[in-house]
Amino acid sequence: MHVSERYFSRTGFWHGNIKPGEEWGLELEETTMAEMLQRNGYRTHGVGKWHCGMYTWQHTPLHRGFDSFFGLYLGSQDYFDHDRMKSLDLRMNYRSPNGSVVDQVRGDLKGRYNTDMFTERAVSIISSHDHSRPLFLYLAYTAPHSPFQATKSDLKRYSGHMTATPFQSGASLRRRTYATMVSVMDRGIGEVVSALKQQNLSDNTIIVFLSDNGAMFGGPGSNYPLRGGKQSLFEGGVRGVAVVNSPLLKTTGYVNTNLHHVTDWYVTFQTLARDYTEQVNIAQIL
């Protein structure tokens, strides 16, 4: 969502996503949504998953339009140890008073469940926000991406009803864990919405909740009644769902089944921000 308005094959992501140790990322000439909103006076904060490049500092969030970032540079991690291939991937980035980038690797948070940490960071940003400037908060949970992990207390709370004999089989546990991960994420979203209301920001806020792809075929998730799943070109892989919520909407309470594409989000928010510095050319997008 925070990439440019152009189709992925134009941005360097046509052959897949970034794996640990790979020396590439979102091309530096691309303008991210955060950069576009930042130049229009928005405070911009990223929380959670980045996955747009890290092999040079210029590819990292604070050089791509964000005022601060807390999360992982890659696309997934252990939910408790916060590592990927035995390397810690959890950091806090912000700028010091002199404008230099501060990079704090947060090994001290080992053992904390990352979904809860991302929620706490998002709520903290909202609670301390200066109302004189507009806010762009990009909250990219890793849940429910693999590895499938949850705390024992949340497993009991959210999925204890799913089987009469907990942990009876690997498949049963994996399905229960997946359901719990989604529920914990949903709980966090509720806390973020509550924070917006407490700070009197909700009346002038647009909330967009969306997925980037369908569930993995053969995994604990389900794309029924669609065929296929993640990494396939069937609708179960490429057709996602989204919810847009705001008191600013003229029409609410309906389901829109028209064709939408991920490239539509950038120009939508560009219009809302009244940013006219770029002339959008449909040939460049495609």
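Structure first, text after, so check above.
Taken as a whole and assessed by the stated rule, the structure comprises nine salt bridges. As a salt-bridge pair, Asp 67 and Arg 43 come within 3.0 Å of each other at their nearest N and O atoms. With Asp 67 in the loop between strand E1 (43–49) and strand E2 (68–72) and Arg 43 in strand E1, this pair connects stretches of sequence that are 24 residues apart. Between Arg 187 and Asp 116 there is a salt bridge whose closest N-O contact spans 3.1 Å. Note that Arg 187 is positioned in helix H4 (residues 170–198) and Asp 116 in helix H2 (residues 114–127), a separation of 71 residues in sequence. According to the relative accessible area criterion, Asp 116 is partly exposed, its value standing at 22%. Three or more residues are tied together by salt bridges with common partners; here these are Asp 116, Asp 154 and Arg 187.

With that settled, consider the side chain of His 82. As for its placement among the helices and strands, His 82 is situated in the loop between E2 and strand E3 (83–84). You can call His 82 buried: its relative accessible area is 0%. Looking at His 82, its side chain comes within polar contact range of the main-chain oxygen of Tyr 79, at 3.5 Å. A polar atom in the side chain of His 82 sits 2.7 Å from the backbone oxygen of Arg 112. Leave out the neighbours within four places in its chain, and His 82 touches Gln 77, Ser 87, Leu 88, Asp 89, Leu 90, Leu 109, Lys 110, Gly 111, Arg 112, Asn 114 and Met 117.

Time to look at the sheet that holds E2. Read across the sheet, five strands follow the order E6-E5-E2-E1-E7 without closing on themselves; strand pairing throughout is mixed. Where the open sheet ends on each side, the last strands, each with one partner, are strand E6 (101–105) and strand E7 (135–140). On average, each strand axis in the sheet is inclined to that of its neighbour by 10°, with strand direction left out of account. Running at roughly 175° to E7, H2 makes contact with E1, E2, strand E5 (91–95) and E7 of the sheet.

Moving on: unusual backbone geometry. The peptide bond linking Ala 143 to Pro 144 adopts the cis configuration, its omega dihedral lying at 0°. With respect to the secondary-structure elements, Pro 144 resides in the loop between E7 and helix H3 (152–159). In this model, His 82 sits at a positive phi of 65°, which is unusual for a non-glycine residue. At Gln 231, a position not held by glycine, the phi torsion is positive, near 75°.

All right, on to the environment of Asn 93 then. Tracing the backbone shows Asn 93 in strand E5. Look past the residues within four positions of Asn 93 in its chain and what remains in contact with it is Leu 62, Ser 68, Phe 69, Tyr 73, Val 102, Asp 103 and Gln 104. In this structure the side chain of Asn 93 is engaged in a polar contact, spanning 2.7 Å, whose partner is the side chain of Asp 103.

Right, let's talk about the nonpolar core for a bit. Among the nonpolar cores identified, the biggest contains 22 residues, and Met 33, Met 36, Leu 37, Trp 50, Phe 66, Phe 136 and Phe 269 are the most heavily contacted of them. Secondary-structure elements contributing two or more residues to this core are helix H1 (33–38), E7 and helix H6 (263–272). At four residues, H1 tops the list of elements feeding residues into this core. Ignoring anything within four residues of it in the chain, the contact list for Met 36 reads Thr 31, Tyr 266, Phe 269, Gln 270, Ala 273 and Asp 275. Formed by 19 residues, the second largest nonpolar core is a distinct cluster that contains Val 47, Phe 118, Ile 125 and Val 184.

Cut-offs and rules
Residues numbered from 1 in each chain as written. Predicted model: local features only at pLDDT ≥ 70, side-chain atom pairs only at ≥ 80, totals over all residues. Heavy atoms only, no water. Salt bridge = Lys/Arg side-chain N within 4 Å of Asp/Glu carboxyl O. Helix = DSSP H or I, 4+ residues; strand = E, 2+ residues; numbered from the N terminus. Buried < 20%, exposed > 50% of the residue type's maximum accessible area, 1.4 Å probe, protein only. Polar contact = N/O pair within 3.5 Å; in protein donor to acceptor, adjacent residues only side chain to side chain. Contact = heavy atoms within 4.5 Å. Pairing = 2+ DSSP bridges. Axes fitted to C-alpha atoms, helices over the stretch in contact; angles between N-to-C directions. Core = buried A, V, L, I, M, F, W, Y, C linked by side-chain atoms within 4.5 Å.

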